[in-house]
Amino acid sequence: MSAKNLDNCNRWRNKTVAFRVSPEENEQIETAVRLSGLTKQDYITRRLLCQDVVVQGNPRVYKALRNELGFVLSELQRIEAGEGIDIELLDTIELIAVILGGMKGEKEDEE
């Protein structure tokens, strides 16, 4: 059994919520979680409760961005070769653009 943990309001997280997703939906969730820098539990909880998911730049997030951009590049090369575009790819590109746009705004605020 997993260890008990507290949320950011010092409440016990002792309820389990589970649901099924398709492999494609799972990959989209995994990509969003990697790019957010949060745990899967924190990411899904924030999204379900309509709370902002604020990405804090750190080495793990930068590595995830680099890897996802590599994947996007390979997919764009595949498309250039005459194959169709997947809606999941467009979602990933949009997510990366939002994250990078937020990081750009964060950097401008520091200056």
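Definitions and cut-offs
- Residues numbered from 1 in each chain as written.
- Predicted model: local features only at pLDDT ≥ 70, side-chain atom pairs only at ≥ 80, totals over all residues.
- Heavy atoms only, no water.
- Helix = DSSP H or I, 4+ residues; strand = E, 2+ residues; numbered from the N terminus.
- Contact = heavy atoms within 4.5 Å.
- Expected span 1.5 Å × (residues − 1).
- Buried < 20%, exposed > 50% of the residue type's maximum accessible area, 1.4 Å probe, protein only.
- Arc of directions from axis to C-beta.
- Polar contact = N/O pair within 3.5 Å; in protein donor to acceptor, adjacent residues only side chain to side chain.

**Topic: the environment of valine 61**
Structurally, valine 61 is set in helix H3 (residues 59–80). For valine 61, the residues in contact, after removing those within four places along its chain, are Leu35, Ser36, Gly37, Val55, Gln56 and Met103.

**Describing the environment of leucine 95**
With respect to the secondary-structure elements, leucine 95 resides in helix H4 (residues 87–110). Separated by 60 residues in sequence, leucine 95 and leucine 35 have C-alpha atoms that sit 8.4 Å apart. Those residues within four positions of leucine 95 in sequence are excluded, and the remaining contacts are Ala32 and Leu35.

**Thoughts on H3**
Given a rise of 1.5 Å per residue, 22 residues ought to cover 32 Å, and the 31 Å separating the end C-alpha atoms of H3 matches this to within 8%. For H3, every residue scored as buried is listed here: Val61, Ala64, Leu65, Glu68, Val72 and Glu75. Considered in projection along H3, the buried side chains sweep an arc of 100° and stay on one side of the axis. More than 90 degrees from the buried face of H3, the exposed residues found are Pro59, Arg66 and Glu80. A side-chain oxygen of the first residue of H3 lies 2.9 Å from the backbone nitrogen of arginine 60; this N-cap is asparagine 58.

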